[in-house]
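Given next are the chains, with one letter for each unit.
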Amino acid sequence: MDQKSKIINNYKKKINFLKKHNKLYFNKDNPEITDSQYDDLKKEIFDLEKNNSFLKNLNLNQTVGSPPSNKFKKIKHLKPMLSLSNAFDKNDMKDFLSKINNFLNNKNKDIDFFAEPKIDGISATLVYEKGKLVRGLSRGDGTTGEDILSNLKTINKIPQKLEGNNIPHLLEIRGEIYIGKKDFNIIKSNFANPRNAAGGSLRQKNSNETSKIPLAYFAYGFGAVKPMVFKTQSEFLEKINEWGFSTNPLSKKVKNINEIDLQHSFVDSIRSTLDYDIDGLVYKVNDLKLQSRLGNTSNSPRWAIAYKFSAEKAVTKIKDIVIQVGRTGAITPVAKVEPITVGGVVVSNATLHNEDEIKRKDIRVGDTVQVQRAGDVIPQVVSVDISKRSKSSKKYIFPSKCLCGSITQKEINRSTKKEDAVRRCTKGYDCNFIAKEKLKHIVSKDSFNIDGLGKKVIDQFWELGLIKTPTDIFTINYNELKNLEGWGELSINNLKQAIDKAKNIELSSFIFSIGIRHIGQENAKILASFFKSIEKFINLFNETKRKKILENLVELDGIGKTQIDSINNFFLNNTNVEIVKKLIAKLKIKDFISKNKKGKFSNKIVMFTGGFEKMSRSEAKSLVENNGGKISGTVSKKLDILVIGNSKPTKRKIESAKKLNIKIVKEIEWYKILNL
Ligand code: IVH
């Protein structure tokens, strides 16, 4: 055996050993080696990797940086912890600004933003009652976190008792926990990167272990606050700093695209001198009243964005081009490249987006290309260096068939009337590749949200024939898992619990989960509010009833012809209907309950025509929705109120509403209703 193979063998042995002991420690809570033996093992692996760079390319070591413990108590956040949408360049930021201005119908004034470094750490929430720290939670899934209070208390800069004036009785503070770069250097032999180390440290069962790793944090936001004593984000940070919290000194007020860009370049230029990792800046509308007017979309606030620093780039060679099939049948070409490190991560696959993109850039197997990785986004091939191309290279011919052998096609976009750039498999669940991706969607966070059943596990269970259709998830034979590598009694029990819990699903999440094209989370909610119960929803299975229902759907704001055709196509397919029927039989699907029943527009259907002076149509709509009402796109008997804006209302709509005796509200009265 040559030297290299010996090293690889030794390395593989150690990794397997580590995996075994991780499982004993984290899943079974029954360690067989001492902590220091465990640490030595991690250090040996780290040293081997450091001295033999080829080992990293084997991609075997996904375990360094303690895997999460399941031991923590789950507690609901007082307010959900949302995520942020991303901007990658100046144009994305311009879009963000104009969306905000449009929503607020703001034409002249510059809006103040507060720019804060986006710390690359682990987020946590601290709850103070009467100034005393009473709870400390991890983010978890955003709605429910884990009780990590005793670990958070080891961070000495987190105040346990607040001192100062005007402290609210209830104060939920959000912040990012990190390990300083200098501190990380001392302990780095045990961890892959600082973020991993911070995460691992926070998830120790024994807070003495946490205290050995020097954690720090910056507070950046709030959840529930009673009474509300802040008017702006900058004032909030100033006050909490006085009360004893660490806040980031590089935060700054900015007010237009130029100032935004300047601040961005400035912080980027000093980034390497900071003692913590940042991956961009977060820009937040400073005025909290405006924040509240802007509100949130499904997962992220409209009033904030993470503007990432430019993507890291590297040059490598394409070894092969393969295709991948997504859950909607989209065929994505992927370049298999010579493994290369881009911004600290080894990249061996990079997306080529679609057929048109390959044609436009004339990308070929063997080409030398530039690859970029921005944030958590999939790495992509950005350009080809034609000068390095060999004479014998041939144009890449895009496969005409899906991996399942079926024909593929490009659809015609309804609004542009042009052919789509994306080629799709024409099958649904009948294509094995689509079916597997659909399963991954079904178990994902915004669908059934099954902990412990991630993409990798679906791949594993699919290969073993344990899960082939959505129903199989709920009829899984847990005995069969016992003999599988990586599955112990505890993890099987956890999975069983997660699956049982998932059986009680909201109607909107269910509709989203079945994966009808063009029905995303927002549309699924709109449909759930229309159908109200699964009993009504299943009328879609019947062709005659479906036709009638689809005619009525036109009235729903947000549901257009594209969505209606797509729903129809979905239920025209018998396999889809069978799969959905069988799935429903295993579940308890909750009726839709409108969240804000007691609002001003409870159970009312409202429609708008014409523009308003003080607000945009989007804001008017979200005001109605946040107050229990629904928006209609057409005048019908069911409509309760037609609101007429002064700017260019449609006469025909007003006349039809009058004929049907529908309440008509003019712009001035509209403001009165809203107390504006
Ligand atoms: S504000 C609703 N500000 O980034 C908006 N987040 O993708 C909440 N983060 O989960 C986020 N530094 O863990 C905000 N100055 C900052 C931040 C920050 C880091 C993290 C945070 C959040 C994630 C959002």
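Presented here is an overview of the structure given in this document. These figures come from a predicted structure and were not determined experimentally. Per chain, residues are indexed from 1 in the order of the written sequence. Local features in this predicted model are restricted to residues of pLDDT 70 or higher, and side-chain atom pairs are both shown and tallied only at a pLDDT of 80 or more, whereas totals for entire chains, interfaces and linings draw on every residue. Based on all heavy atoms of the structure, the side-chain values leave hydrogens and waters out of the count.

1. Here we look at the pairing of strand 23 (residues 641–644)
Working note: regular strand, side chains alternate between the two faces of the sheet.
Here is step 1: Three labels apply to residues, based on accessible area from a 1.4 Å probe with only protein chains included: buried if under 20% of the type maximum, exposed if over 50%, partly exposed otherwise in between. In this text, helices come from DSSP runs of H or I with a minimum length of four residues, and strands from runs of E with a minimum of two, each type numbered from the N-terminal end. Burial along strand 23 is two-sided: Ile-641 and Val-643 facing one way and Leu-642 and Ile-644 facing the other are all buried.
Here is step 2: Bridge analysis of strand 21 (residues 605–609) against strand 23 gives four bridges, and the strand direction is parallel. The partner of Phe-608 across the bridge, within strand 23, is Val-643.
Here is step 3: Pairing geometry for strand 23 and strand 24 (residues 663–666), over four bridges, is parallel. Residue Ile-644 lies in a different strand from strand 24, and its bridge partner there is Lys-666.
Here is step 4: Looking down the strands as they point away from you, a crossover is right-handed if its path from the first strand over the helix to the second goes clockwise. Between the parallel pair strand 23 and strand 24, the chain is carried across by helix 25 (residues 651–659), and the sense of this crossover is right-handed. When DSSP locates at least two bridges between a pair of strands, those strands are taken to pair.

2. Let's talk about the sheet that holds strand 2 (residues 85–87)
Here is step 1: The five strands lie next to each other as 2-11-10-3-9, forming an open sheet whose pairing is mixed. Edge positions in the sheet fall to strand 2 and strand 9 (252–254), since each has one partner strand and no second. Strand after strand, the sheet turns through a mean of 35 degrees between neighbouring axes, direction not considered.
Here is step 2: Alignment of strand 2 against strand 11 (residues 304–308), held across three bridges, turns out to be parallel. Counted as the bridge partner of Ala-87 is Tyr-307 from strand 11.
Here is step 3: With respect to the sheet, helix 4 (residues 90–103) is in contact with strand 2, strand 3 (113–119), strand 10 (278–285) and strand 11, its orientation differing from that of strand 11 by roughly 170 degrees.
Here is step 4: The criterion used for residue contact is that any of the two residues' heavy atoms lie within 4.5 Å. Between N-to-C directions, angles span 0 to 180 degrees; the directions come from axes that are lines fitted to C-alpha atoms, helices contributing only their stretch in contact. Against the sheet, helix 10 (residues 257–270) touches strand 3, strand 9, strand 10 and strand 11, its axis set at about 155 degrees to strand 10.

3. Comments concerning the pattern of salt bridges
Oppositely charged side chains can form a pair if their charged atoms are brought close together.
Here is step 1: Salt-bridge detection follows one rule: a side-chain nitrogen of Lys or Arg within 4 Å of a carboxyl oxygen of Asp or Glu. Scanning the entire structure with this criterion turns up 34 salt bridges.
Here is step 2: Note that Arg-195 and Asp-120 form a salt bridge whose closest N and O atoms lie 3.2 Å from each other. On the criterion of sequence distance, the pair formed by Arg-195 in helix 7 (residues 194–202) and Asp-120 in the loop between strand 3 and strand 4 (122–129) is long-range, its members being 75 residues apart.
Here is step 3: When its relative accessible area of 40% is taken as the criterion, Arg-195 is described as partly exposed.

4. Comments concerning the nonpolar core
Here is step 1: Side-chain atoms within 4.5 Å link the members of a nonpolar core, which is a set of buried Ala, Val, Leu, Ile, Met, Phe, Trp, Tyr and Cys residues. Core analysis: the largest hydrophobic core is formed by 58 residues, its most contacted members being Phe-448, Ile-450, Leu-453, Phe-461, Ile-473, Phe-510 and Phe-571.
Here is step 2: For Phe-571, the contacting residues outside a window of four places in its chain are Ile-514, Ile-516, Phe-537, Leu-540, Phe-541, Arg-546 and Val-577.

5. Digging into the side chain of Ser-533
Here is step 1: As for its placement among the helices and strands, Ser-533 is situated in the loop between helix 19 (521–531) and helix 20 (534–537).
Here is step 2: Under the relative-accessibility criterion, Ser-533 is labelled buried at 10%.
Here is step 3: Apart from residues no more than four positions distant in its own chain, Ser-533 is found in contact with Leu-507 and Asp-591.

6. Thoughts on the site of the ligand
Here is step 1: We define proximity as follows: a residue is near a molecule or strand when any one of its heavy atoms falls within 4 Å of that partner. Residues in contact with the ligand, as listed here, are Leu-82, Leu-84, Glu-116, Pro-117, Lys-118, Ile-119, Ser-123, Glu-176, Tyr-220, Val-282, Lys-284 and Pro-301.
Here is step 2: By the criterion applied in these results, polar contacts are pairs of N or O atoms within 3.5 Å in which, for protein atoms, one can donate a hydrogen and the other can accept it, and in which residues neighboring in sequence qualify only through two side-chain atoms. Side-chain polar atom of Ser-123 to an oxygen atom of the ligand: 3.4 Å apart, as the coordinates give it.
Here is step 3: A distance of 2.5 Å is found between an oxygen atom of the ligand and a side-chain nitrogen or oxygen belonging to Glu-176.
Here is step 4: Computed with the Shrake-Rupley method and a 1.4 Å probe, the accessible areas treat only the protein chains shown as cover for residues. For the ligand, whose free accessible area comes to 520 Å², the fraction covered by protein is 87%.
Here is step 5: Every element with two or more residues in the shell around the ligand is listed here: strand 3 and strand 10.
Here is step 6: In terms of residue count, the dominant contributor to the shell around the ligand is strand 3 (four residues).

7. Remarks on the state of the cysteines
Here is step 1: The disulfide criterion is simple: two cysteine sulfur atoms within 2.5 Å. In the structure shown here, the tally under the stated rule is zero disulfides.
Here is step 2: The structure places no disulfide on Cys-404, whose sulfur is separated from the nearest cysteine sulfur, that of Cys-431, by 3.6 Å.
Here is step 3: Since its relative accessible area comes to 32%, Cys-404 is described here as partly exposed.
Here is step 4: Summary of cysteine pairing: Cys-425 is not part of a disulfide, and the nearest cysteine sulfur, belonging to Cys-402, is at 3.6 Å.
Here is step 5: Judged by its relative accessible area of 7%, Cys-425 falls in the buried class.

8. What about the sheet that holds strand 21?
In any sheet, the strands associate via hydrogen bonds between backbone groups, in a parallel or an antiparallel arrangement.
Here is step 1: Reading across from one edge, 22-21-23-24 is the order of the four strands in this open sheet, with parallel pairing throughout. Looking at which strands have only one partner, the edges of the open sheet turn out to be strand 22 (630–631) and strand 24.

9. Details of the packing of aromatic side chains
Here is step 1: Between 30 and 60 degrees the pair is tilted, below 30 it is stacked and above 60 it is edge-to-face, where a pair is any two Phe, Tyr or Trp rings, Trp via its six-membered ring, whose centres lie within 6.5 Å. Counted by the stated rule, this structure contains 23 aromatic pairs.
Here is step 2: Between the aromatic rings of Tyr-128 and Phe-245, the centroid separation amounts to 5.3 Å while the plane-to-plane angle is 90 degrees, which identifies the pairing as edge-to-face. A residue pair is termed long-range when its members are at least 10 positions apart, and Tyr-128 in strand 4 and Phe-245 in the loop between helix 9 (233–242) and strand 9 qualify at 117 residues. Judged on exposure class, the residue Tyr-128 and its partner Phe-245 are both buried.
Here is step 3: Each ring, one from Phe-230 and one from Phe-236, has its centre 5.1 Å from the other, and the planes form 75 degrees; the classification is edge-to-face.
Here is step 4: Aromatic rings pair up to connect Phe-510, Phe-530, Phe-531, Phe-537, Phe-541, Phe-570 and Phe-571 into one cluster.
Here is step 5: Placement of a positive charge over a ring is assigned whenever Lys NZ or Arg CZ falls within 6 Å of the ring centre and within 35 degrees of the normal to the ring plane. Between Lys-438 and the ring centre of Tyr-429, over which it is positioned, the NZ or CZ distance is 5.0 Å.
Here is step 6: Above the ring of Tyr-671, the side-chain terminus of Lys-614 is found at 4.7 Å from the ring centroid.

10. Things to note about helix 22 (residues 561–572)
Here is step 1: How far a helix is expected to stretch is found by multiplying one less than its residue total by 1.5 Å. Counted at 1.5 Å a residue, the expected span for helix 22 with its twelve residues is 16 Å, and the 16 Å between its end C-alpha atoms agrees.
Here is step 2: When helix 22 is considered as a whole, its buried residues turn out to be Gln-563, Ile-564, Ser-566, Ile-567, Phe-570 and Phe-571. An end-on view of helix 22 places all buried positions within 165 degrees of arc, on one side of the element. Of the residues in helix 22, the exposed ones pointing more than 90 degrees away from the buried face are Lys-561 and Asn-569. Think of it as the arc spanned by the lines of direction from the helix axis to the C-beta atoms.

11. Describing the environment of Lys-501
Here is step 1: As for its position among the elements, Lys-501 is in helix 17 (residues 489–502).
Here is step 2: Through-space distance from the C-alpha of Lys-501 to that of Asn-569 is 31 Å; in sequence the pair is 68 residues apart.

12. Description of the packing of helix 4 against helix 10
Here is step 1: One can describe the packing of helix 4 onto helix 10 by two numbers: an axis separation of 11 Å at closest approach and a directional angle of 135 degrees. Overall, the two elements helix 4 and helix 10 adopt an arrangement that is oblique. The crossing of helix 4 and helix 10 is right-handed. Across from Lys-90, Met-93, Lys-94 and Leu-97 in helix 4, the residues of helix 10 making contact are Ile-257, Asn-258, Ile-260 and Asp-261.
Here is step 2: Only Asp, Glu, Lys and Arg are considered charged in this grouping, and only Ala, Val, Leu, Ile, Met, Phe, Trp, Tyr, Cys and Pro are considered nonpolar; every other residue, Gly among them, is considered polar. Of the residues that constitute the contact of helix 4 with helix 10, the class distribution is four nonpolar, one polar and three charged. Between 65 and 115 degrees an angle is taken as roughly perpendicular, under 35 as roughly parallel, over 145 as roughly antiparallel, and anywhere else as oblique. Each crossing gets its handedness from the near helix: less than a right angle anticlockwise from the far helix is left-handed, clockwise is right-handed.

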